[in-house]
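An overview of the molecular structure
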Amino acid sequence: MEQTVTIKTETITLGQLLKLVQLIDTGGAAKWFLQEYNVLVNGERETRRGRKLKDGDRVDVEQIGTFVVARTK
């Protein structure tokens, strides 16, 4: 399942995105989540919760779904 995540800022961190789509409850849970789940950003494995995401970036979370970042102007 692919879901579009709309942001108003230029970038969002991977941890913030995971919280926004309700995969985690707190920012501190992002580190654990990224160790437990296979998360790909634009096709590459990512383990950094601070990874900056911008308009058009694609985040694939194993067994959960795909999230595409879209910036509103």
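Heads up: the structure comes first, above all this text.
Here we summarise the structure given alongside this text. Since this is a predicted model, take the numbers as computed values, not measurements.

A separate point is the side chain of Asp 57. As for its placement among the helices and strands, Asp 57 is situated in the loop between β5 (52-54) and β6 (58-61). When near neighbours in sequence (up to four residues on either side) are disregarded, Asp 57 contacts Asn 42, Lys 52, Phe 67, Val 68 and Val 69.

As a further point, take the sheet that holds strand β7 (residues 65-71). By way of backbone hydrogen bonds, the strands of a sheet pair with one another, either parallel or antiparallel. The five strands lie next to each other as β1-β7-β6-β3-β4, forming an open sheet whose pairing is mixed. What marks the edges here is a single partner per strand, and that holds for β1 (2-7) and β4 (44-45). Here four bridges tie β6 to β7, and the two strands are oriented antiparallel to one another. For Val 59, the partnering residue across the bridge sits in β7 and is Phe 67.

Procedures and definitions
Residues numbered from 1 in each chain as written. Predicted model: local features only at pLDDT ≥ 70, side-chain atom pairs only at ≥ 80, totals over all residues. Heavy atoms only, no water. Helix = DSSP H or I, 4+ residues; strand = E, 2+ residues; numbered from the N terminus. Contact = heavy atoms within 4.5 Å. Pairing = 2+ DSSP bridges.

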